[in-house]
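Commentary on secondary and tertiary structure
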Amino acid sequence: IKIGIMGHTVPTLTGKTHSYAGMLIGEDIVENAKKQVAKLQEEGADVIIALSHTGIGPENPEPNFKNVAYALTKVPGIDVVVAGHEHNLYPTNDMSSPYYMLPNVDKETYLMNGKNVIMAGDRGNAIGVVDLELSVSGDRVRIENRKSQIKMVNEKTTKEDESIAAMFGEWEEE
């Protein structure tokens, strides 16, 4: 099984700091995603994940809008959208969330347009988990079942791994 992963960030990033001037060119995330899907499929990707520094946003965002995760779920070929930028949680148990007001968002499975979307807050306070149950028949891979969940990270739910924690001092020094 070949997993294709594309990465995106907000198109306005190039205007945020002078160190990016002339190095990065911003492009509409949704339009870029369509090109990347074609390339990944050409390279044989069976499942495609959009790892995107973007919020969920409106149904039909303007070009170069910063929050387009929902719009990415409408791009054929993308199976999963890992989002961020807004620093919110999705899925959420808050059924009054504006995310659930968008068309084709299932409040029980949390799928948007039949696709998984995950947004895990900020600063490591949660981990987004997407489970895909795949079947393989010959050279065809199908997603048979899918689910998304948020796992909160805190002292009660998460035990610190001392070997990983010990590395942080080295990273800070470097």
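Please refer to the structure placed before this passage.
Residues numbered from 1 in each chain as written. Predicted model: local features only at pLDDT ≥ 70, side-chain atom pairs only at ≥ 80, totals over all residues. Heavy atoms only, no water.

Another point: the nonpolar core. Formed by 28 residues in total, the largest nonpolar core has its most connected members in M6, I56, L72, I78, V81, Y90 and M112. Counting residues per element, this core draws most heavily on helix 1 (residues 29-42), at five residues. Those residues within four positions of M112 in sequence are excluded, and the remaining contacts are I56, Y70, T73, Y90, Y99, N104, V105 and V117. (Core = buried A, V, L, I, M, F, W, Y, C linked by side-chain atoms within 4.5 Å. Buried < 20%, exposed > 50% of the residue type's maximum accessible area, 1.4 Å probe, protein only. Helix = DSSP H or I, 4+ residues; strand = E, 2+ residues; numbered from the N terminus. Contact = heavy atoms within 4.5 Å.)

Turning our attention to the environment of A33. Its location among the elements puts A33 in helix 1. Looking at A33, the relative accessible area reads 0%, which means it is buried. Separated by 26 residues in sequence, A33 and G7 have C-alpha atoms that sit 8.7 Å apart. Leaving out residues up to four positions away in the same chain, A33 has contacts with M6, H8, L72 and I78.

In this section: the side chain of T73. Mapped onto the elements of the fold, T73 is located in the loop between helix 2 (69-72) and strand 3 (80-83). Of the residues examined, T73 reaches a relative accessible area of 2% and is grouped as buried. From its side chain, T73 meets the backbone oxygen of Y70 in a polar contact 2.5 Å long. Here the side chain of T73 touches N113 through a polar contact of 2.8 Å, side chain to side chain. When neighbours within four sequence positions are excluded, T73 is seen to be in contact with V81, M112, N113, K115 and V117. (Polar contact = N/O pair within 3.5 Å; in protein donor to acceptor, adjacent residues only side chain to side chain.)

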